[in-house]
Amino acid sequence: MSWNRLKLGGGLALLLGLVLAVAPVAPAKAAKTLPGAYTHTTPVKARGTWYTHIKHADYLKTVVKKHTVTWSFKAKRSASWKRWRRLSGRHLYVYRFNLTEGPTTLHMFGFYAAKEKGNAFHFMVTRKVKGKTIPVMVDANGSENYHAWKNVK
């Protein structure tokens, strides 16, 4: 083996080692399914615990925190909530857009994971319940989510 060949091989190995040591390790970017801007922060008005009842089915609970959304369900006669889904941190993508329906504009927002095709969009409205105006989070299926368990029908 010639000395020049050793110098070249050693130099390449040293260069490759330095490049790998200095290069930042970038996390894999998730494929996004909707065009536009995303955040990892939920809307302030949507934060808290929300309850709903799906007719002829279970009760659902959605807990929305600043960087976490957790969904739980409970059978009608069951005593405990069972968590079935949670998105947090960089796995939570929040997408926002405005939907104009005639004279009203709905400020829509959705919580979903990377590479997810079906998005659960929500919007905030107010309803009168027993003479009081309360905030309600409505999802894309038309289910109304209430902060108080007593308002769930």
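Up top is the structure these notes are about.
Note that the structure is a prediction, hence the values are computed from the model and not measured.

S.K.: Quick question: what am I supposed to make of the layout of surface pockets here?
M.R.: Any empty space left between atoms is shown by rolling a water-sized probe over those atoms. Volume-wise, the largest pocket comes out at about 340 Å³. In the lining of the largest pocket, the residues fall into 9 nonpolar, 9 polar and 4 charged.

S.K.: Even after reading the chapter, I still don't get the sheet that holds strand β5 (residues 82-88), so can you show me in this structure?
M.R.: In sheet architecture, strand pairing relies on hydrogen bonds along the backbone and comes in two forms, parallel and antiparallel. Taking strand neighbours across the sheet as the criterion, the 4 strands line up as β2-β3-β4-β5 in an open arrangement whose pairing is antiparallel. The open sheet has two edge strands with one neighbour each: β2 (48-53) and β5. Strand-to-strand twist of the sheet, defined as the mean angle between neighbouring strand axes without regard to direction, takes the value 15°. By the bridge criterion, 6 bridges tie β2 to strand β3 (residues 59-64) in an arrangement that is antiparallel. Bridged to W50 within β3 is T62.

S.K.: Would you mind showing me how to read the environment of R96 here?
M.R.: Structurally, R96 is set in strand β6 (residues 93-101). Accessibility expressed as a relative area gives 42% for R96, which makes it partly exposed. Taking the C-alpha atoms as reference points, R96 and H107, 11 residues apart in sequence, are found 7.4 Å from one another. Not counting chain neighbours up to four residues away, the residues in contact with R96 comprise T39, T41, T42, P43, M108 and F109. A distance of 3.0 Å separates a polar atom in the side chain of R96 from the backbone oxygen of T41.

S.K.: Is there a simple way to explain the packing of aromatic side chains in this structure?
M.R.: Pairs of aromatic rings are described using the distance from one ring centre to the other and the angle between the two planes. Applying the stated criterion to the full structure yields 13 aromatic pairs. Arranged with centres 5.9 Å apart and planes meeting at 85°, the rings of Y38 and Y93 form a pair that is edge-to-face. Within this pair, whereas Y38 is found in strand β1 (residues 38-39), its partner Y93 is found in strand β6, the two being separated by 55 residues in sequence. The exposure class of Y38 is buried, given its relative accessible area of 16%.

Rules used throughout
Residues numbered from 1 in each chain as written. Predicted model: local features only at pLDDT ≥ 70, side-chain atom pairs only at ≥ 80, totals over all residues. Heavy atoms only, no water. 1 Å grid on protein atoms, 1.4 Å probe; cavity = no way out; pocket = protein on both sides within 12 Å on 5 of 7 lines; lining within 4 Å. Points joined across faces, edges and corners; volume = space filled by probe spheres on them. Nonpolar A, V, L, I, M, F, W, Y, C, P; charged D, E, K, R; others polar. Pairing = 2+ DSSP bridges. Helix = DSSP H or I, 4+ residues; strand = E, 2+ residues; numbered from the N terminus. Axes fitted to C-alpha atoms, helices over the stretch in contact; angles between N-to-C directions. Buried < 20%, exposed > 50% of the residue type's maximum accessible area, 1.4 Å probe, protein only. Contact = heavy atoms within 4.5 Å. Polar contact = N/O pair within 3.5 Å; in protein donor to acceptor, adjacent residues only side chain to side chain. Phe/Tyr/Trp six-rings, centres within 6.5 Å; stacked < 30°, edge-to-face > 60°.

Any functional reading would require information that these geometric values do not contain.
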